[in-house]
Amino acid sequence: MTMFFTDRKDDVPMYELDNTNETLLPAQRNSYHPRLCDYVLVAEKVEDMEDQIFKKQDAFISELKQKNFKVTRIEHAEKVFFGICAPEEIFAKYKYLLKVSDACNWSGEQKCESSVSFCTRIRIVHFVLNNTFIGSGEGLKELLCQGAFETIFCLHEKQEQKKLRKKWASWRSVLKLFKQPVTDVKDYFGEKVALYYLWLGCYTRMLIPAAVIGIVVFLYGLAFFNTSPLIHEVCDSKTIMCPRCDIRCKAWNLSDTCTYAKVSQLFDNEGTVVFSMFMAIWATLFLEVWKRHRALYVSKWKVFDWCEEEEELILEIVNNPQCKPKEFRHSYLRSIVVLLLVTLVLLVIIGLTHALVICRVLAAILLSQKEFEFLRDHATTIAMLFGAVLHYITIQVMTRVNKFVAFKLCEFEKTRSFAATEKRFTVKMFTFQFFTLFSSLFYVAFFLGRINGYPGNYVRILGEWRLEECHPSGCLTDLFIQMAVILVLKQTINNIFEFTVPWLKLCFRRTKAKTIRRKCGNCYRKACREEGSNLYPCDLCNLRNWLENYDLSDVNAFTLFNEFLEMVLQFSFTTIFVAAFPLAPLLALINNIFEIRLDAIKMVSLERRLVPKKTNDIGVWTRILEAVGVMAVIANGLVIGISSDFIPRLVYRYHYGPCAVSNSTNLDCMTGYINNTLATAFMSNEAVRRDFKELITDNGYNVTQCSYKDYRSDEDQSLTSQFWLILALRFAFVILFEHVVVMCKFIAAWFIPDNPIRVKNVRLNDKLRRLKKELETENAIYDGRSTEV
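What counts, and where the lines are drawn
Residues numbered from 1 in each chain as written. Predicted model: local features only at pLDDT ≥ 70, side-chain atom pairs only at ≥ 80, totals over all residues. Heavy atoms only, no water. Axes fitted to C-alpha atoms, helices over the stretch in contact; angles between N-to-C directions. Helix = DSSP H or I, 4+ residues; strand = E, 2+ residues; numbered from the N terminus. Parallel < 35°, antiparallel > 145°, perpendicular 65-115°, else oblique. Left-handed = near helix turned anticlockwise from the far one by under 90°. Contact = heavy atoms within 4.5 Å. Nonpolar A, V, L, I, M, F, W, Y, C, P; charged D, E, K, R; others polar. Phe/Tyr/Trp six-rings, centres within 6.5 Å; stacked < 30°, edge-to-face > 60°. Lys NZ or Arg CZ within 6 Å of the ring centre and 35° of its normal. Core = buried A, V, L, I, M, F, W, Y, C linked by side-chain atoms within 4.5 Å. Buried < 20%, exposed > 50% of the residue type's maximum accessible area, 1.4 Å probe, protein only. Salt bridge = Lys/Arg side-chain N within 4 Å of Asp/Glu carboxyl O. Disulfide = S-S within 2.5 Å. Expected span 1.5 Å × (residues − 1). Arc of directions from axis to C-beta. Polar contact = N/O pair within 3.5 Å; in protein donor to acceptor, adjacent residues only side chain to side chain.

A.B. asks: Which residues make up the packing of helix H20 (residues 559-576) against helix H22 (residues 621-643), and what are the values?
C.D. replies: The N-to-C vectors of H20 and H22 enclose an angle of 20 degrees; their axes lie 9 Å apart at closest approach. Our classification of the angle between H20 and H22 gives roughly parallel. Note that H20 runs across H22; the crossing there is right-handed. Counting all contacts with H20, which are made through Phe561, Phe564, Leu565, Val568, Phe571, Ser572, Thr575 and Ile576, the residues of H22 involved are Trp621, Ile624, Leu625, Val628, Met631, Ala632, Ala635 and Asn636. Looking at the contact of H20 with H22, its residues break down into 13 nonpolar, three polar and no charged.

A.B. asks: Report on the environment of Val193, specifying residues and quantitative values.
C.D. replies: With respect to the helices and strands, the residue Val193 is situated in helix H7 (residues 191-223). Along the backbone, Val193 and Met603 are 410 residues apart, and their C-alpha atoms lie at a distance of 10.0 Å. Residues contacting Val193, with those up to four places away along its chain left out, are Val185, Leu560, Met603 and Leu610.

A.B. asks: Summarise the packing of aromatic side chains; cite the residues concerned and give the values.
C.D. replies: Under the defined criterion, the tally for this structure stands at 41 aromatic pairs. Ring geometry for Trp168 against Tyr197: centres 4.7 Å apart, planes inclined by 85 degrees, an arrangement best described as edge-to-face. With Trp168 in the loop between helix H5 (158-167) and helix H6 (182-189) and Tyr197 in helix H7, the pair connects residues that are 29 residues apart, well separated along the chain. Between Tyr203 and Phe571 the ring centres are 5.8 Å apart and the planes differ by 70 degrees, which places this aromatic pair in the edge-to-face class. Note that Tyr203 is positioned in helix H7 and Phe571 in helix H20, a separation of 368 residues in sequence. Positioned over the ring face of Phe412 is Arg334, at 5.0 Å from the centre of the ring.

A.B. asks: Can you explain the nonpolar core? Please cite residues and give values.
C.D. replies: Among the nonpolar cores identified, the biggest contains 136 residues, and Trp168, Phe189, Trp199, Leu479 and Phe577 are the most heavily contacted of them. Per-element tally for this core: the top contributor is H7, with 15 residues. Apart from the residues within four sequence positions on either side, Phe577 is in contact with Phe438, Leu441, Phe442, Ala445, Phe446, Leu479, Met483, Ala635, Asn636 and Val639.

A.B. asks: Which residues make up the packing of H6 against H7, and what values go with them?
C.D. replies: The N-to-C vectors of H6 and H7 enclose an angle of 150 degrees; their axes lie 7 Å apart at closest approach. With respect to their mutual orientation, H6 and H7 come out roughly antiparallel. Relative to H7, the crossing made by H6 is right-handed. Contacts from Val182, Val185, Lys186 and Phe189 in H6 reach Glu191, Val193, Ala194, Tyr197 and Leu198 in H7. Split by residue class, the contact of H6 with H7 holds seven nonpolar, no polar and two charged.

A.B. asks: Describe unusual backbone geometry, and please don't skip the residues or the numbers.
C.D. replies: One can expect most non-glycine residues to show negative phi and most peptide bonds to be in trans. One non-glycine residue, Lys414, lies in the positive phi region at around 55 degrees. As for its position among the elements, Lys414 is in the loop between helix H14 (379-413) and helix H15 (418-446). Looking at Lys414, the relative accessible area reads 62%, which means it is exposed.

A.B. asks: Got a sec to walk through the pattern of salt bridges? Specific residues and values, please.
C.D. replies: Under the counting rule described, the total for this entry stands at 34 salt bridges. A salt bridge links Lys163 to Glu160; the nearest nitrogen and oxygen atoms lie 3.7 Å apart. Separated by three residues within a single helix, Lys163 and Glu160 lie in helix H5, roughly one turn from each other. The residue Glu312 makes a salt bridge to Arg416 at a minimum N-O spacing of 3.4 Å.

A.B. asks: Explain the state of the cysteines residue by residue, including any values.
C.D. replies: Enumeration over the complete set of coordinates arrives at three disulfides. Bridging Cys242 to Cys706, the disulfide has an S-S length of 2.0 Å. Between Cys242 and Cys706, the S-S dihedral sits near 90 degrees, and the bridge is therefore right-handed. Here the residue Cys242 occupies a position in the loop between strand S7 (240-241) and strand S8 (252-253), and Cys706 occupies one in strand S14 (residues 705-709), the gap between them amounting to 464 residues. Covalent S-S linkage joins Cys659 and Cys669, the inter-sulfur distance amounting to 1.9 Å. Since a negative S-S torsion denotes a left-handed disulfide, the Cys659-Cys669 link at about -90 degrees is left-handed. Linking Cys659 in helix H24 (residues 658-661) with Cys669 in the loop between H24 and helix H25 (673-676), this pair joins segments that are ten residues apart in sequence. Here Cys85 is not disulfide-linked; the sulfur of Cys37 is the nearest cysteine sulfur, at 4.7 Å.

A.B. asks: An account of helix H1 (residues 52-66) is needed here, citing residue identities and associated values.
C.D. replies: One full turn of an α-helix is made of 3.6 residues, so residues set three or four places apart face in the same direction. In a regular helix each residue adds 1.5 Å, so 15 residues correspond to 21 Å; H1 covers 21 Å between its end C-alpha atoms and thus fits that length. Taken as a whole, H1 has its buried residues at Phe54, Lys56, Gln57, Phe60, Ile61 and Leu64. Around the axis of H1, the buried residues are gathered within 165 degrees of arc, so they sit on the same side. Buried positions along H1 lie against strand S3 (39-44), strand S4 (70-76), strand S5 (79-85), helix H3 (118-130) and helix H4 (140-146). With a side-chain oxygen positioned 2.7 Å from the backbone nitrogen of Ile53, the residue opening H1 is Asp51. Just downstream of H1 lies Asn68, where phi reads positive at about 70 degrees.

The following block contains the structure:
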């Protein structure tokens, strides 16, 4: 291998270095420039100068040099590295335009970037690079797609990187939940990344009370394991239940589900109702607390009045003083087409949900035919677990498909800026992912076991296979199993892959490139030995630093989006179906404690440096979180009112139970509830006998009749008056629950102001000082003119 190092002015080779162990000294330079390299472009080495790839590379570099960029070209291992250094004049323009802009005039003391930080410098240069075009009209994005350049990245600053590792990006800091150095993160990665970690830290802290109350609700159900009359009634029952499938399924005793009845008691109890109301209000409180927390920091960072459009115009002028503004446009035809295509994608996702239902039905049938007794007896439960795992695999596959489709739809819309594209992409991608994750859960929560018919009139797929029924202990158990499997698998496996894949890639790449690192160890130059030096290091040390960054995992404009999407979907899981899984906040809390450090370590040590972006909010994610909070109210109201047995138990206690029909206090008010929820199917009925023609009557059961869960008459299987009463009360409860909780949410949102009083007062005083200063300046000018006269 041979490496050629060339001067940045004329690209003439200065010296040659082979792979011997001798360290050769670079040629002496007559003068030194300030130590700076904003970006590194990497391309495959092309020997043929007539090749189109070479011409495009050369044309792009020439365009940069015309803008007074300094370019250092270094060849290594069949690759060419271009170190790009921007001229100081573009930063001077940026400082001046930012100083006179409306978005930075509110503070009388703030000078709006009196000295451009390296973080701001990277952002400006990134914009200029992406808006530099060669003669054919192709920009950096097109050149990267065509293979003219392999990649582009900005360099990590070693000193700041070490500080962040010590204070934040290490496993030793995992318990410093309340001590995130977000201002240091802002100075290194920009406001957008800092606000993500600020939001994640706020969300994680707010999960603590939710997790504690969820544990209390869980323990409340656990306390009634041995005293609940419902559990005793199930465990001591001699009732024979109808088979759950057509082929080789036995009639079974209700007492067989004793264990499952105890499990159901853990989350299907009175405490769940209170907890669901709390979580719906908690979602609003979290958003209000977050808005106040954000206001404190963006005020501290002096970006409270930052304007995205004005920042974009400033960068456009810095790049090209003759530029024209990108005007806003709207096409109703494109909007209609996009809406139709989004609807089509959602229909496909819902179709996949139906496919999962069919897979679960077939799995239950196949398992019930197995010779192994355990599989036969637990066919329904195993099929539910299989469906949950299959759903998780579907989520992983559809995540990639959804991302591709959402991006193509955004391209079709032809948005005016990347920020607009990002907003629309976020909304589309979240919508697709939400349907992918929750469509199956909505089926389990609101349709499973309610559309499958009854003995003698079962609903069948293609007239052959019976639809699956709820778990013997209740429909909420199925939802609990589905949520637990998806939440645990999604969080655990995703975190393992997120960390181990970049780490293994880094180890593999750096094992292949140790030689160059050894050669630079004894460099004689002060600029190379001292990190604080303001001189250029030698090309060999430059290459070493570039290779260290090149070996890291690649990042793109949507890297941070992926982290946000993961956490917002977790927030959805934590709030929307929390009635079925009170421990969801606890699992989310445990995951987030490690997620913060995992993301920090990955971002600081395992990935290339993200392009810093300025902002003063988390953008459209706030609206999405508000929408999730509203959906949480609706979903939890429906889960409690429709899916759980909360309403039937209340109706039985006060209208049909022993306490309602007599004054006797010897019996518990819920005694007889289980038998009250069962209807009887008689084998003398020809339709019932046809459904159970392969009924196996082992265990000595004389099966002339069997029971099933429904409110139907034993004589003609018509719905009873109790069913209609319960149905009316279910819907009445849902309406009442939603109105009460929504009212509480609005009161909480009104009661807690978005901006703290001290932030308002500080901004008010700053504005007053600025106006006074402007008046003093104007008076001084006026007095000077009067003196001259």
